[in-house]
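Take a look at the letters that make up each chain.
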Amino acid sequence: MNIFISANNTNQGKTYSTLLLMEEFAKQGYRVGAFKPIETGVENYPLDGLKLLNKSKELNNAFEDILLKDIVPIQLKLPAAPIVAGDVNFDKIKEAYQKIKPLCDILLIESAGGITVPVKDNFLMIDFIKFFNAKLFLVIGSKLGMINDFLLNKFYLEQNNIPFIWAVNLFNDTYFKITHPFLKDFSPLFIQKDLDKIVQRLLRE
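Here the structure is a predicted model, which means the values were calculated and not measured. (Residues numbered from 1 in each chain as written. Predicted model: local features only at pLDDT ≥ 70, side-chain atom pairs only at ≥ 80, totals over all residues. Heavy atoms only, no water.)

A. A look at the packing of helix α1 (residues 14-27) against helix α10 (residues 195-204). Where α1 contacts α10, the two axes come as close as 10 Å, and the packing angle between them is 75°. One finds that α1 runs roughly perpendicular with respect to α10. Judged by residue contacts, Leu20, Leu21, Glu24 and Phe25 of α1 engage Leu195, Asp196, Ile198, Val199, Leu202 and Leu203 from α10. Here the contact of α1 with α10 is composed, by residue class, of eight nonpolar, no polar and two charged. (Axes fitted to C-alpha atoms, helices over the stretch in contact; angles between N-to-C directions. Helix = DSSP H or I, 4+ residues; strand = E, 2+ residues; numbered from the N terminus. Parallel < 35°, antiparallel > 145°, perpendicular 65-115°, else oblique. Contact = heavy atoms within 4.5 Å. Nonpolar A, V, L, I, M, F, W, Y, C, P; charged D, E, K, R; others polar.)

This is the structure we're talking about:
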């Protein structure tokens, strides 16, 4: 199974959530691994990619010989959307994916930015869902403005018939005062409180 992890924007907790999900799946006996097809803003090495590689090695012995370039095949220096940051070679992504996928029962594939970030002409980040035949897990960071972000993402995904599972990444408790009174009607799950429920939904749906 492949799970594609995206968010309502950049710096909302994709890597943080991915690492926690990996640990939870591993506890349940699954061979897990992580993959980040594209990372931008790379100066010396991909920071998110290194975390994903280290966690994969920690939880899955089959990753012993996997290198950082295997986890993040496209590394671009400019901190911008991939279509601006540089060339994206899909053959290179596919080659790295085919090396990693056989090592896992569950592969968590981390997005770069949100679902509509342009990768190339006529290819958005969300198109990796079909590219990898993956389920979508959407992280919504609990910052001011998240209601608008959530509703926009929900509308786009539903209009395009893309099923998704989502959860709130709690940055602080102000969420429960300024956002939860509205968002509670959507029965949100929380990364910090409901990891077991999130994993069960991802396995089931």
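B. Examining the packing of aromatic side chains more closely. According to the stated counting rule, one finds 19 aromatic pairs in the structure shown. Aromatic side chains phenylalanine 35 and phenylalanine 132 sit 5.9 Å apart centroid to centroid with 90° between the ring planes, which places their arrangement in the edge-to-face category. Residue phenylalanine 35 is located in strand β2 (residues 32-35), and its partner phenylalanine 132 is located in helix α6 (residues 128-132); the two are separated by 97 residues in the primary sequence. With relative accessibility at 2%, the residue phenylalanine 132 sits in the buried group. Seen in terms of ring centroids, phenylalanine 90 and phenylalanine 123 are 4.7 Å apart; in terms of plane orientation they differ by 55°. Their pairing is tilted. Placement of phenylalanine 90 in helix α5 (residues 90-100) and of phenylalanine 123 in strand β7 (residues 123-124) is noted, with a sequence separation of 33 residues between them. Joined through ring pairs, the aromatic side chains of Phe4, Phe35, Phe90, Tyr97, Phe123, Phe128, Phe131 and Phe132 make up one cluster. Above the plane of the ring of phenylalanine 171 lies lysine 143, whose end atom (NZ or CZ) is 4.8 Å from the centre. Its end group placed over the ring of phenylalanine 190, lysine 193 keeps NZ or CZ at 5.7 Å from the ring centre. (Phe/Tyr/Trp six-rings, centres within 6.5 Å; stacked < 30°, edge-to-face > 60°. Buried < 20%, exposed > 50% of the residue type's maximum accessible area, 1.4 Å probe, protein only. Lys NZ or Arg CZ within 6 Å of the ring centre and 35° of its normal.)

The quantities given are spatial measurements derived from coordinates; they are silent on function.
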